[in-house]
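Commentary on secondary and tertiary structure
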Amino acid sequence: METEHRVSTLELFFDLVFVFTITQLTVLLADDLTPRGAGQVVLIFTVLFWMYGGYAHLTNQVPPDRTVRRVLLMLAMGAFMVCALAVPTAFGAGGVAFGLGYLLVVLVHGALFTQAHGRGVLWFALPNVLCALAVTAAGFFDGLPAWGLWLLALLLQFVTPVVVQRVAASGVAAEPEVPEQTVGDRLGGMNAAHLVERHGLLLIIVFGESVIAIGIGVGSLPLSAGIAGGAFLALTIASAMWWMYFVRDEGRAEEVFAHTPPERRFKLAMAAYYYAFLPVLLGMAVFAAGVKKTIGHLGEHLHTGPAVALAGGVALYLAGNLVFRAVLGLGPARYRATALVLALATVAVGTGWTGAGQLVALAVVLVCAVVAEGGRSPAAPARGAATDSVTDSVTGS
């Protein structure tokens with residue numbers, strides 16, 4: 001029986017600091033609703049979320065229950081704060097500051113992880129350092145060279161899990177005195193409850209960003225019936241997205257992880273809580289940017305940027321959620337897939353009619369999807385051999 005391992009208040013504090021980077025990305029996108037701005041947001045967030053995942057795995061195996069660990073984790077929080085402050089100018093004057101902050105994040109992560117992996121940490125710490133150096137170097141350039149170095153950082157991140165898994169498959173030991181325990185064994189030995197709870201807490205904090213976006217969008221505008229109605233509609237959309245994950249998916253996800261053999265959890269976690277969660281979290285940030293740009297113009301035709309941000313944010317969230325469910329063998333999928341298509345179609349409502357009309361359309365689409373899906377009893381997560389088959393399909397074992 002796996003021992004209970006709950007998320008600590010320090011980890012939650014860490015997440016609050018990390019989510020400030022998402023807040024800054026929302027500001028960056030709201031100020032530049034163009035393909036260029038969207039590309040910058042995707043690159044910055046993907047690089048940052050890689051190391052957030054690294055710290056989630058770190059505290060899963062090396063809990064911050066000692067003074068030195070707590071102090072180092074707080075140092076990493078400070079480094080993430082530097083990154084967050086530099087986000088709006090990460091492709092300009094703040095690029096070097098962002099890169100140096102990120103380098104410190106990486107170095108602290110590697111130092112703490114030595115307590116779980118010993119010298120085996122080098123197999124993923126070195127690529128992380130190279131990634132941070134690429135991002136730092138990008139700060140010295142403009143245009144295509146800067147974009148190329150950011151893309152190099154992404155390439156290094158996506159290659160790292162493959163390297164670690166090959167090391168595990170080759171039987172390279174994390175420590176010479178414990179030859180039977182490889183890096184892969186230790187990475188796989190994650191606590192299921194902690195893993196799911198940690199990412200759920202992150203997501204609920206990000207949902208808070210959509211609420212803050214409503215207030216920022218209203219600003220100093222008088223609180224009319226229309227503004228109040230628009231705020232209610234935006235909150236309804238966010239609430240429906242909350243329902244989809246926290247009521248329908250989170251508990252079932254924990255059961256799937258709990259019944260997955262420990263040595264297979266690393267691959268499953270990468271698929272579910274990194275690759276699938278990227279569009280989920282990005283979707284919330286994009287939706288928040290759309291709300292900021294829409295809430296003060298509810299009775300007007302929306303420009304293409306805000307309309308696409310509203311619809312695209314919801315669609316990104318649903319796309320990531322569908323991948324998450326497919327990875328873990330959860331269903332059904334048809335209601336959310338239909339909602340994704342209909343959400344994208346609401347761009348025409350916003351640009352051809354009003355912002356309020358698009359918010360109404362999105363709220364109706366999502367609430368109907370939740371109600372239709374709730375008409376079915378949630379299928380029990382696979383157990384035993386069935387869970388093994390799901391995991392095998394994900395991990396390629």
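That block above? That's the structure.
Residues numbered from 1 in each chain as written. Predicted model: local features only at pLDDT ≥ 70, side-chain atom pairs only at ≥ 80, totals over all residues. Heavy atoms only, no water.

Within the secondary structure layout, T136 lies in helix α5 (residues 122–138). Accessibility expressed as a relative area gives 10% for T136, which makes it buried. A polar atom in the side chain of T136 sits 2.8 Å from the backbone oxygen of A132. Residues in contact with T136, not counting those within four places in the same chain, are V96, G99 and L100. (Helix = DSSP H or I, 4+ residues; strand = E, 2+ residues; numbered from the N terminus. Buried < 20%, exposed > 50% of the residue type's maximum accessible area, 1.4 Å probe, protein only. Polar contact = N/O pair within 3.5 Å; in protein donor to acceptor, adjacent residues only side chain to side chain. Contact = heavy atoms within 4.5 Å.)

Counted by the stated rule, this structure contains 11 salt bridges. Linking D65 and R69 is a salt bridge whose minimum nitrogen-to-oxygen distance equals 3.1 Å. Classification of D65 as partly exposed rests on a relative accessible area of 44%. For R69, a relative accessible area of 9% corresponds to the buried category. For R248, the salt bridge is made with E373, and the minimal N-O distance between the two is 3.1 Å. Taken together, the residues span a long stretch of sequence, with R248 in the loop between α9 (225–247) and α10 (250–258) and E373 in helix α16 (residues 355–374) at a distance of 125 residues. The buried category is assigned to R248, whose relative accessible area is 9%. Residue E373 is classed as buried on the basis of its relative accessible area of 2%. A single salt-bridge network, built from bridges that share partners, covers R248, D249, R325, R336 and E373. (Salt bridge = Lys/Arg side-chain N within 4 Å of Asp/Glu carboxyl O.)

What follows concerns the side chain of D15. Turning to its location among the elements, D15 is positioned in helix α1 (residues 9–31). Polar contacts involving the side chain of D15 include one to the side chain of R198, which spans 2.9 Å. Excluding its chain neighbours within four sequence positions, the residues that come into contact with D15 are Y52, R198, L202 and I205.

The end-to-end C-alpha distance of helix α3 (residues 67–86) is 29 Å, a good match for the 28 Å that 20 residues give at a rise of 1.5 Å each. Among the residues making up α3, those that are buried are R69, L73, A76, M77, A79, F80, C83, A84 and A86. (Expected span 1.5 Å × (residues − 1).)

As for its placement among the helices and strands, L133 is situated in helix α5. The spatial distance from the C-alpha of L133 to the C-alpha of L103 is 7.0 Å, given a sequence separation of 30 residues.

This part covers the packing of aromatic side chains. For the structure shown, the criterion picks out 28 aromatic pairs. Pairing F91 with W147 gives two aromatic rings, centres 5.0 Å apart and planes at 50°, and the pair type is tilted. Of the two residues, F91 is situated in the loop between α3 and α4 (95–117) and W147 in helix α6 (residues 144–170); the sequence distance between them amounts to 56 residues. One aromatic cluster is present, formed by F14, F18, F45, F49, W50, Y52, Y55, F80, F158, Y274 and Y275 through successive ring pairs. (Phe/Tyr/Trp six-rings, centres within 6.5 Å; stacked < 30°, edge-to-face > 60°.)

Another aspect to go through is helix α11 (residues 265–275). When you tally the buried positions in α11, you get nine out of 11 residues, the bulk of the element. Looking only at α11, the buried set comprises R265, F266, L268, A269, M270, A271, A272, Y273 and Y274.

To continue, consider the packing of α9 against helix α12 (residues 277–294). Packing of α9 against α12 brings their axes to within 11 Å, and their N-to-C directions diverge by 170°. Here α9 lies roughly antiparallel to α12, going by the angle between them. Where α9 approaches α12, its residues A234, I237, M241 and Y245 are matched on the opposing element by F277, M284, F287 and V291. Partitioned by chemical class, the residues of the contact of α9 with α12 number eight nonpolar, no polar and no charged. (Axes fitted to C-alpha atoms, helices over the stretch in contact; angles between N-to-C directions. Parallel < 35°, antiparallel > 145°, perpendicular 65-115°, else oblique. Nonpolar A, V, L, I, M, F, W, Y, C, P; charged D, E, K, R; others polar.)

A word on the environment of A97. By the element assignment, A97 lies in helix α4. Spatially, the C-alpha atom of A97 lies 8.0 Å from that of G139, the residues being 42 residues apart in sequence. Those residues in contact with A97, other than ones at most four positions away along the chain, are V82 and A86.

Glancing now at a nonpolar patch on the surface. A cluster of nonpolar side chains, namely I204, W242, W243 and V247, defines an oily patch on the protein surface of about 350 Å² accessible area. Among the elements that make up the nonpolar patch, the one with the highest residue count is α9 (three residues). Following the sequence through the fold, V247 ends up in helix α9. (Patch = residues over 30% accessible without salt bridge, like charges linked within 9 Å, V, L, I, M, F, W, Y side chains within 5 Å. Areas by Shrake-Rupley, 256 points an atom, 1.4 Å probe, with all protein chains shown as cover.)

A separate point is the layout of surface pockets. In this structure, the largest pocket spans a volume of roughly 270 Å³. Taken together, 16 residues make up the lining of the largest pocket; nearest its centre are L29, A38, V286, V308 and A309. Residue assignment for the lining of the largest pocket shows that the elements contributing at least two residues are α2 (35–61), α12 and α13 (304–328). Partitioning the lining of the largest pocket into residue classes produces 12 nonpolar, four polar and no charged. (1 Å grid on protein atoms, 1.4 Å probe; cavity = no way out; pocket = protein on both sides within 12 Å on 5 of 7 lines; lining within 4 Å. Points joined across faces, edges and corners; volume = space filled by probe spheres on them.)

Just geometry here; none of it tells us what the structure is for.
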